[in-house]
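# Close look at the chain arrangement
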Amino acid sequence: MRLPMPSAAASAAVAVTAAVAAALAVLPGPALAAESPTTSSFTISDPRIKESSGLAASRIHPGVYWTHNDSDDGPYIYAVDSTSGRTVARVTLTGIGKPRDVEAISLGPDGQLYVGDIGDNRNGTWDHVWIYRFPEPRQLGDVTVEAAQFTVKYADGARNAEALMVHPVTGRVYIASKDENKGGLYEGPAELTKGGTNVFRRVAAVPWVTDGAFSPDGTRLTLRGYFTARTYPWKDGLPEGEGERVDAPWQGQAESVTYTPDGATLMFGAEGEGSRVIAVPVAAAASASPQPGAPSEAGSTPEPTGSFGKGALVLAGGLALVFGAKRLLRRRSS
């Protein structure tokens, strides 16, 4: 969901966008795509997929990833073959209302896909959001399926969210709110119900999150934002500690992440027509984070330098201006 901006704010946003684009243009290729020859990155070639906002690896169709557009599309879920980047199925959902702001998709241990219509860029306008659920199709091709629709509310009030994760062992659904100050991880009920409201309760604080995914064995939770990603040990229904830094690629509008079915690789996606899904091996992706206050050790990851460092700083500053402008506009309009 996008908010209209006054002309002055729009002009500022255009200027910021130009600066961000210029910064990204000077970033060297290897820094943008941290790949290894053994991984399988791919480009989504379907022109209908302009805002890929979620990603889930199929368990019954090797090399296939489920995705969807952010908004202004319809009740559609796409299956993309990573070997070619082509769409091999489009699922049309029935039995639900008109999707509002679809932000995430996750595959549960029950073999069903969970779709999170959970976005709320107005940060509290909508007092409820929805989750759609339907069985992963066993045959690939364009098909219409009836989905279950679940109404969701948060125990502590409405909020914006872009990450929905289904635990691969317990089947419990989690949502991570998106907040530039302090987000939260919300736990759903043991079983979702269609007959009433499903209340999600905050169980942990999380950083600024645009998507997340559990490892296939359920022992790790990876959360990503625009600039960083971290993997947390998962124990007793909670993420532990500060997590480990993940070398997620720079992707501009970084919106999605999922594990490959074997758990060996993280797949990072982004919005935009012809967007690239970048594979990062798990063994090479995580590096232990120092404890707060601990001195840096020799051989630790250096601060960004050269054109990449400058581009990253400009990108961070540009996005900070954008979000600051949005917050100011929200205050003026309230």
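Above this text is the structure in question.
Structural notes, computed from the coordinates. (Residues numbered from 1 in each chain as written. Predicted model: local features only at pLDDT ≥ 70, side-chain atom pairs only at ≥ 80, totals over all residues. Heavy atoms only, no water.)

Next up on the list: the environment of D110. As for its placement among the helices and strands, D110 is situated in the loop between β6 (104-107) and β7 (112-117). A residue is classified by how much of its surface remains accessible, and D110, at 40% relative accessible area, is partly exposed. Each C-alpha atom, one on D110 and one on V169, is 9.4 Å from the other, the two residues being 59 residues apart in sequence. Within the structure, D110 has its side chain in polar contact with the backbone nitrogen of Q112 (distance 3.1 Å). (Helix = DSSP H or I, 4+ residues; strand = E, 2+ residues; numbered from the N terminus. Buried < 20%, exposed > 50% of the residue type's maximum accessible area, 1.4 Å probe, protein only. Polar contact = N/O pair within 3.5 Å; in protein donor to acceptor, adjacent residues only side chain to side chain.)

A separate point is the pairing of strand β22 (residues 276-281). Burial runs high along β22: 5 of the 6 residues are buried. Where strand β1 (residues 42-43) meets β22, 2 bridges bridge the pair, whose relative direction is antiparallel. Residue pairing in the sheet places T43 in a bridge with R276 of β22. The pairing of strand β21 (residues 265-270) with β22 spans 4 bridges and is antiparallel. (Pairing = 2+ DSSP bridges.)

What follows concerns the pattern of salt bridges. What the rule picks out here adds up to 5 salt bridges. The salt bridge partner of R48 is D46, with a shortest N-O separation of 2.8 Å. Given a relative accessible area of 39%, R48 falls into the partly exposed group. We classify D46 as buried; its relative accessible area is 7%. We note a salt bridge from D156 to R159, for which the minimum N-O separation is 3.5 Å. (Salt bridge = Lys/Arg side-chain N within 4 Å of Asp/Glu carboxyl O.)

The next point concerns unusual backbone geometry. Even without a glycine there, the phi angle at D236 is positive, about 55°. By the secondary structure assignment, D236 is in the loop between β17 (229-235) and β18 (238-239).

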